[in-house]
Amino acid sequence: MSYQTETIMNKILKYSFFDLVRSRWIYIYCAFYLLFTFSLLWLSSDLSKVVISLMNVMLVLVPLIASMFSIMYFYNSREFTELLLAQPLKRSHIFIGQYLGVAGSLSLSLIIGISIPFLLYGIIGSAEIWNYFTLVIIGIFLSFIFSAIAFFIALRHENRIKGFGLTILVWLFFAVIYDGFFLLGLVFFNEYPLENFTLAASFFNPIDLSRILILLKLDISALMGFTGAVFRKLLGSGLGMSLAYLSLALWVIIPIWGIRRVALRKDF
Amino acid sequence: MISINNLHKAFGKNKVLQGIDLSFEGAGITAILGPNGSGKTTLIKCILGMVYPDKGDIQLGGQSIRHEWAYRDQLDYLPQIARFPENLTVLELFSLVKDLRKRTASGEELVELFGLKPFLNKRLSNLSGGTRQKVNIVQAMMFDSPLVIMDEPTAGLDPVAMIRLKEIIRREKERGKTILITTHLMNFVEEVADDVVFILEGKIHFKGSLSALKAQYGEAQLEQAIAHILEGKDPKIPNRFSSIC
Amino acid sequence: MYKLLLSIIICLVLMHSKSQAATLEVCSTCRWTTVTAAIQAAKAGDRILVKKGLYQEGQITVDKPLHLIGEGFPILDGKNETEILTVMADGVIVEGFQVQNVGTDYLEDRAGIRVRKSRDFVIRNNKLYNTFFGIYLEHSKYGVVEGNELVGKAVDEMSSGNAIHVWYSKGILVTGNQVRNHRDGIYFEFVDSSKVRDNLSEDNLRYGLHFMFSNDDDYSDNIFRRNGAGVAVMFSKRVNMWDNRFEHNWGVSSYGLLLKEIYDAEIWNNIFKENSIAIFLEGATRINYHHNDFIQNGWAIKMSGGCLTNKVYDNNFIGNTFDLSVSSHVNDNTFDHNYWSEYTGYDLDRDGIGDIPFRPMKLFGYVVNQTPEAIILLRSTFVDLINFSEKVSPIFTPTNVFDNEPLMKRLVFEKIILND
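Note that the coordinates shown come from a computational prediction; the quantities given were computed from them, not determined experimentally.

> Can you lay out the overall build of chain B for me, pointing to particular residues and giving the numbers?
What chain B contains, in helices and strands, is nine helices and ten strands. Rg of the C-alpha trace for chain B: 18 Å, near the compact-globule value of 18 Å for 245 residues, within the 12% margin. Along the three orthogonal principal directions, the C-alpha set of chain B runs to about 50 × 40 × 35 Å. Counting over 245 residues, chain B shows a buried share of 51%. Taking all contacts inside chain B whose residues are at least 6 apart in sequence as the whole, residues at least 24 apart take part in 68%. Carbon and sulfur atoms make up 48% of the accessible area of chain B, which totals about 10400 Å². Charge-centre separation for chain B: the mean point of 31 positive side chains lies 5 Å from the mean point of 29 negative side chains.

> Got a sec to walk through the state of the cysteines? Specific residues and values, please.
Residue and element names in this part refer to chain C. The final tally for this structure, using the stated rule, is one disulfide over all chains. Across the disulfide from Cys27 sits Cys30; the S-S distance is 1.9 Å. Residues Cys27 and Cys30 are joined through a disulfide that is right-handed, its torsion about the S-S bond being 95°. Cys30 sits in the buried class, given a relative accessible area of 18%.

> Hey, could you go over the interface of chain B and chain A for me, with residue numbers and the actual values?
At the interface, 35 residues of chain B touch 30 residues of chain A. Interface of chain B and chain A: buried area, both sides summed, is about 2900 Å²; carbon and sulfur atoms make up 57% of it. Summed over the shared surface of chain B and chain A, the number is two salt bridges. Between Glu82(A) and Lys45(B) there is a salt bridge; the shortest N-O distance is 3.9 Å. Counting across the interface, chain B meets chain A through ten residue pairs in polar contact (both at pLDDT 80 or more). Secondary structure elements with two or more residues in the side of chain B that touches chain A: β1 (2-11), α1 (40-48), β6 (75-78) and α2 (90-101) of chain B. If you tally residues by element for the side of chain B that touches chain A, the top one is α2(B), at eight residues.

> How would you sum up the arrangement of the chains? Please name residues and give values.
Considering every one of the two pairs of chains in contact, the largest contact total is recorded for chains A and C. Kept free of each other, chain B and chain C leave a smallest C-alpha distance of 36 Å between them.

> Could you give me a rundown of the packing of aromatic side chains, with the residues and numbers involved?
Scanning all chains against the criterion turns up 42 aromatic pairs over all chains. Residues Phe174(A) and Tyr178(A) carry aromatic rings whose centres are separated by 6.4 Å and whose planes lie at 40° to one another, so their mutual orientation is tilted. Of the two residues, Phe174(A) and Tyr178(A) both sit in helix α7 (residues 160-188), four residues apart, roughly one turn of that helix. Overall, Tyr178(A) belongs to the buried group, its relative accessible area being 14%. Relative to Phe364(C), the ring of Phe322(C) has its centre 6.0 Å away and its plane inclined at 40°; by these criteria the two rings are tilted. Of the two residues, Phe322(C) is situated in strand β35 (residues 322-326) and Phe364(C) in helix α3 (residues 363-370); the sequence distance between them amounts to 42 residues. Members of the aromatic cluster, joined through ring pairs, are Phe188(C), Phe211(C), Tyr219(C), Phe224(C), Phe246(C), Phe272(C), Phe294(C), Phe317(C), Trp340(C), Tyr343(C) and Phe358(C).

> With reference to specific residues and values, describe the interface of chain C and chain A.
Each side of the interface is counted separately: chain C has 30 residues, and chain A has 35 residues. Here chain C packs against chain A, burying approximately 2700 Å² in sum over the two surfaces, 75% of which is carbon and sulfur. Linking chain C with chain A are zero salt bridges. Between chain C and chain A we count four residue pairs in polar contact (both at pLDDT 80 or more) in total. If you list the elements that add at least two residues to the side of chain C that touches chain A, you get α3 and α4 (381-392) of chain C. For the side of chain C that touches chain A, the element with the most residues is α4(C), which contributes five residues. Considering only residue class, the side of chain C that touches chain A consists of 15 nonpolar, twelve polar and three charged.

> Break down the sheet that holds strand β2 (residues 14-24) of chain B for me, with residues and values.
All names here are of chain B. With antiparallel pairing, four strands are arranged side by side in an open sheet as β2-β1-β4-β5. Of all the strands in the sheet, the pair left with one neighbour each is β2 and β5 (63-64). For strand β4 (residues 55-60) and β5, the ladder comprises two bridges, and the chain directions are antiparallel. Bridge pairing in β5 links Leu60 to Gln63.

> Account for helix α2 (residues 24-43) of chain A, naming residues and giving values.
Residues and elements named next belong to chain A. Across its 20 residues, α2 extends 28 Å between first and last C-alpha, which sits within 8% of the 28 Å expected from 1.5 Å per residue. Those residues of α2 not exposed but buried are Ile26, Tyr29, Cys30, Tyr33, Thr37, Leu40 and Leu41. Viewed end-on, α2 has its buried residues packed into an arc of 100°, placing them on one side of the element. Exposed residues on α2 whose side chains face more than 90 degrees from its buried face are Arg24, Leu35, Trp42 and Leu43.

> Before we move on, could you go through unusual backbone geometry and cite the residues and values that matter?
Residues and elements named next belong to chain C. Within the chain, Asn125 stands out as a residue other than glycine whose phi angle is a positive 50°. In this structure Asn125 comes out as partly exposed when scored by relative accessible area, which is 38%. For Phe190, which is not glycine, the phi torsion reads 55° and is therefore positive. Here Phe190 shows up in strand β19 (residues 186-192). Judged by relative accessible area, which is 29%, Phe190 ranks as partly exposed.

> Give me the packing of α2(A) against helix α3 (residues 47-76) of chain A: which residues, what numbers.
Residue and element names in this part refer to chain A. Axis separation between α2 and α3 bottoms out at 10 Å; the angle between their running directions is 165°. Regarding the angle of α2 to α3, the classification is roughly antiparallel. Here α2 runs over α3; the crossing is right-handed. In this structure, α2 contributes Trp25, Ile26, Tyr29, Phe32, Tyr33, Phe36, Thr37, Leu40 and Leu41 to the contact, and α3 contributes Leu47, Val50, Ser53, Leu54, Val57, Met58, Leu61, Val62, Ile65 and Phe69. Tallied by class, residues from the contact of α2 with α3 come to 17 nonpolar, two polar and no charged.

> Describe a nonpolar patch on the surface, listing the residues and the values that go with them.
Residues and elements named next belong to chain A. Taken together, the side chains of Phe38, Leu108, Ile112, Ile116 and Leu120 define a hydrophobic patch exposed on the protein surface, amounting to about 430 Å² of accessible area. Per-element tally for the nonpolar patch: the top contributor is helix α5 (residues 91-121), with four residues. By the secondary structure assignment, Ile116 is in helix α5.

Rules and cut-offs
Residues numbered from 1 in each chain as written. Chains lettered and ligands numbered in written order. Predicted model: local features only at pLDDT ≥ 70, side-chain atom pairs only at ≥ 80, totals over all residues. Heavy atoms only, no water. Helix = DSSP H or I, 4+ residues; strand = E, 2+ residues; numbered from the N terminus. Rg over C-alpha atoms; globule rule 2.2 N^0.38 Å. Buried < 20%, exposed > 50% of the residue type's maximum accessible area, 1.4 Å probe, protein only. Contact = heavy atoms within 4.5 Å. Areas by Shrake-Rupley, 256 points an atom, 1.4 Å probe, with all protein chains shown as cover. Lys, Arg positive; Asp, Glu negative; His and termini not counted. Charge placed at Lys NZ, Arg CZ, Asp CG, Glu CD. Disulfide = S-S within 2.5 Å. Buried area = accessible area lost by both parts, 1.4 Å probe. Salt bridge = Lys/Arg side-chain N within 4 Å of Asp/Glu carboxyl O. Polar contact = N/O pair within 3.5 Å; in protein donor to acceptor, adjacent residues only side chain to side chain. Phe/Tyr/Trp six-rings, centres within 6.5 Å; stacked < 30°, edge-to-face > 60°. Nonpolar A, V, L, I, M, F, W, Y, C, P; charged D, E, K, R; others polar. Pairing = 2+ DSSP bridges. Expected span 1.5 Å × (residues − 1). Arc of directions from axis to C-beta. Axes fitted to C-alpha atoms, helices over the stretch in contact; angles between N-to-C directions. Parallel < 35°, antiparallel > 145°, perpendicular 65-115°, else oblique. Left-handed = near helix turned anticlockwise from the far one by under 90°. Patch = residues over 30% accessible without salt bridge, like charges linked within 9 Å, V, L, I, M, F, W, Y side chains within 5 Å.

Right, dumping it as structure tokens:
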């Protein structure tokens, strides 16, 4: 039974994936990264600069595109979803399957878009290979996180305009606004010990967390160590890294859990 | 086969279903009629498990369907608007549905019947509305399930396809199936339906055979009979009813 | 005392018997089998030629003007118990030895080669391995430490010594040495009128080169790499620095150059590359910085309190995370006429100088100064946005830190050593 239901989810995943892999937008998305990474590598010989530029763009673009693409996919495939709902399938499998299909194809085009230029550049065997891996892993995490958030929002809101608006707002919040309040808070309370607050606050924003994880791979990570012992201890150690990846994983799991919960109760 | 007991459903303040009791047994074609917003679609969605009723129960073969999913293996559903993943081809859609249901299906004959062969390798996004509806019919009817639910099956069909559809419906009935249809086309109902259920404001206002309905209101035409129901109950209704004709 | 008396007697005897410089050979089959014995037998001005071999004699004291030469790097081994070579006479030359294994001692600063209260000495081309303190000069004058290689085993600052340690001395030249893995590479305390040239100091725990209370010194053509901090100049006056490379002093509390309470210095033609902080100033006054390259440092210049009349001009600032950070008042420090890779101004009159002033201090840099924890937001979109908007229309940038004459093109200096 369990085996059977698993394969059904895989099938939905597979078909969503095949559907998307033929979508023009996925290719445009992939081509963008190809072009961008190629030109970065071509313009700059310094790989760590390339990684930083790519990171800056990815941290903004991956969450935005993942959210927009997912919510569009969800709303556009609403009738098909209804068809699926009428089949002898479990609801959670339908939605999680679709979600995995969307997040998976987004991740795939990201991976291809970044990897081909780096591979041609000769990243394998280079010392920078871990930076590249970190970038790719962060990209995958961000795709899955923001895709899940968008699915969750779409499930909660029948009204497309509301759904879109909310998704953009969530993206804007994590990409920019959160850091604004964060910085404001730090400046405002700068007479208090802030290390623990700072670390906690960065764990509550997946984009911040991703940025820190990439920066930790680069030389400039040393700048972060200036601040104090807790930073040094947590950011400079394997423990900190594992905690950061763990919380990224939680950022994926919690919205998926939300999708499941809403999907099981919702009327279509 | 299927019995619905005291079904209630409200979306917010809007009470869509207010105590529906129905049961369908054995072979037969029932047309579910009613003006827009009367609760037809919600009723169907309740049977499909897409909408959870607030109160009441639906039983299929003696088993409650609440929060179940496996029972849907015993029903075929033809959705109202035929929209599918745009980038799949027709053939891929068929194999997807077959794949998901894990049932043997007899699609070829239906494909032949509707002349869909040339379209099998076309993407769904490139099909006209009528062709999509044919695809929609095939994907729903290719399984041999005892319960068939069709939501506006005639939408966008050309006269030839319409004839084919009627043939299929009659044939399925002969094979002992319970068939539920919603439609706006009254002569379609007159041609194929055995029984009629008329829903208004979430309540059943008539349930019985087509001939009984006509006889009750002394009208030869179904449309006239229905107009009588509406006039008799509520003088406002005829205006709204006009929208379904 | 008895020993001293005896050696004086022997000396007198020898001086009487032979008036010309002699060469005394030391090896397992020679007349002298220990260095100590040869020193005792020698008279002032003699050469002692030590052949290849292992000599474990404990502490060896050179108490008369002798020229000690090692042939094939004979090993003087302290067996981790004692200090090894102690020079207590003027005019001593020590060259060609391998000195190793001085025991760590927390009470006395044991050294591989110590020069005490002497002048006109030369310590040349020796190898010192695991010597706790390597070459230790105290109360000495006019000596040369040249071409030595010192490799320590420093693990933590508490239990490690300096490679070349100079204390209360004057007129010392330290040149062409390679020092690694000590606490400080080269340490000057109360050392005046001395020079440090052409040394390589790397992987030391604390500083590559460290001046304390030392005046009128200079250092040039050195490379300081991967040290806790490259060079620290503290409580000193008139220390000049040129043609040095400070590179990859990355890490927490790591500097290329730390200036603390120093006055009247000239810093030019240096390359600062990939340091957490290239130059950190605290109480630095009347210092000129020019013709230096600051490349890809965390902070190029970080100015803390009490800095007066520092002039920064004709330097290149390229790709630093923060070019400049000033904690309190700018005072009368100036930053005119530099090249900044961040500068995006224009030059309509084509005189090579940008027409609008450059603000080397970013808003975020200011915020980080006030609230160090904010560094966690480094390179975030929000920070980029506020930096950008601040650049377009400055509102918050607090201090009047300007380069009024920013250069349009990178300066090319005569002596630029590219990546090696």
